[in-house]
Amino acid sequence: MVDAAKLVIGMDGGGSGCRAAVSTLDGTVIGRSESGAANFTSDPEGTLASILRAVAELAESIDQPIDTLLAAPAHLGLAGIITPDDATSFAQRLPFKSCRVSDDQLTSVIGALGDRDGALIGVGTGSFIAMKRRDRIDAIGGWGLELGDQGSGAWLGKQALQRCALVADGLADPSLLIATLMQRFKKDAGELIRFARAARPSDYAQFAPVVFDAAKHGDTYATRLVSEGASYFDQCLNSFDLKKDDVVCLVGGLSESYALRLNSAFQEKLSEPAGSALDGALRLARKLASKG
């Protein structure tokens, strides 16, 4: 049996699934597993079930009793953890002997930047921007689609469909983007309304590639929309007062789409992420282990 004192557990949970890994104290990953969605806000009970399933599969992957893993220090970065009370109360429900719960922004920042100082833009279905300097992390955004998420896939999709409604009312000019989107709804305004009534951020985000493709082909509104998203990220980075040696990393499904749309001063600072949010969770778990 492996000594639990020589292992740490990291988890990255979100709407698309829960990813887990176990590593030795020197950072060598010896096992991985995946399970279902783990967004605390939208489904706390489902999140708990996904975590327990991921731990069980992780134990099986390294042929160890589950109690061995539950005795190891663990850090879980979960989507939907909004307040410190969320983190504390949920951690108390978990069977780990020693664990910390945080939002997935923290694990993304630690994973991407590692020991470096700089900024991280996370842009996929949602968006957030963070600045790390030594042990301090300051974040902007992460408000969700109703209040923010500017530049994100969900924001692009929702803005584009709102434009479709304006065009349908004769208040805006038609374009390639609008024609393409309306074709998805069989040119039926009723279908568009039915979609919007039940749409989640991930539903809107599916239209982000359509927006970027239309911008690439010169669609005026799509180009303006993408530029607005990039300008938002520039504004956030400007607010951080980046130093000469600070790096800028982008992560998420739209990271490549935005990288070359940032201000040239920020493009010069672009650096590949050191690792993923799961890597960040493992790093934080090792820090927890070092504290005994």
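My aim in this report is to walk through the structure given alongside it, one point at a time. Source: prediction; values computed, not measured.

On to the sheet that holds strand S1 (residues 7-14). With mixed pairing, five strands are arranged side by side in an open sheet as S3-S2-S1-S4-S5. Each end of this open sheet is capped by a strand with a single partner; those strands are strand S3 (29-35) and strand S5 (99-103). Along the sheet, successive strands turn relative to each other by an average axial angle of 15°, direction set aside. Pairing analysis gives five bridges linking strand S4 (residues 74-78) to S5, with the strands arranged parallel. Along S5, the bridge assignment pairs Leu76 with Val101. Along the sheet, helix H1 (residues 44-61) contacts S1, strand S2 (17-24), S3 and S4; its crossing angle with S3, the most-contacted strand, is approximately 145°. In this fold helix H4 (residues 104-113) packs onto S1, S4 and S5, with an angle of close to 95° to the strand it touches most, S5.

Attention now goes to the pattern of salt bridges. Here the structure, examined in full by the defined rule, presents 10 salt bridges. Here Arg136 and Asp138 are joined by a salt bridge, their closest N and O atoms 3.0 Å apart. When its relative accessible area of 57% is taken as the criterion, Arg136 is described as exposed. Among the residues examined, Asp138 registers a relative accessible area of 32% and is labelled partly exposed.

Below, the discussion takes up H4. Of all 10 residues making up H4, eight are buried, and the element is well covered by its neighbours. Buried within H4 are the following residues: Gln105, Thr107, Ser108, Val109, Ile110, Gly111, Ala112 and Leu113. Where H4 starts, the residue carrying a side-chain oxygen 3.1 Å from the main-chain nitrogen of Gln105 turns out to be Asp103. Looking one or two places after H4, you find Gly114, whose phi comes out positive at around 60°.

With that settled, the discussion passes to the sheet that holds strand S6 (residues 118-123). Pairing within the open sheet is mixed, and its four strands lie in the order S8-S7-S6-S9. Each edge of the open sheet carries a strand with a single partner, namely strand S8 (136-141) and strand S9 (247-251). Taken pair by pair, the neighbouring strands of this sheet meet at an average axis angle of 15°, ignoring direction. As defined by bridge partners, S6 adjoins strand S7 (residues 127-133) across six bridges and the pair is classed as antiparallel. Bridge pairing links Leu120 to Ala130 in S7. Contacts from helix H10 (residues 220-239) reach S6, S7, S8 and S9 within the one sheet, and its direction differs from that of S7 by about 20°.

Parameters and conventions
Residues numbered from 1 in each chain as written. Predicted model: local features only at pLDDT ≥ 70, side-chain atom pairs only at ≥ 80, totals over all residues. Heavy atoms only, no water. Pairing = 2+ DSSP bridges. Helix = DSSP H or I, 4+ residues; strand = E, 2+ residues; numbered from the N terminus. Axes fitted to C-alpha atoms, helices over the stretch in contact; angles between N-to-C directions. Contact = heavy atoms within 4.5 Å. Salt bridge = Lys/Arg side-chain N within 4 Å of Asp/Glu carboxyl O. Buried < 20%, exposed > 50% of the residue type's maximum accessible area, 1.4 Å probe, protein only. Polar contact = N/O pair within 3.5 Å; in protein donor to acceptor, adjacent residues only side chain to side chain.

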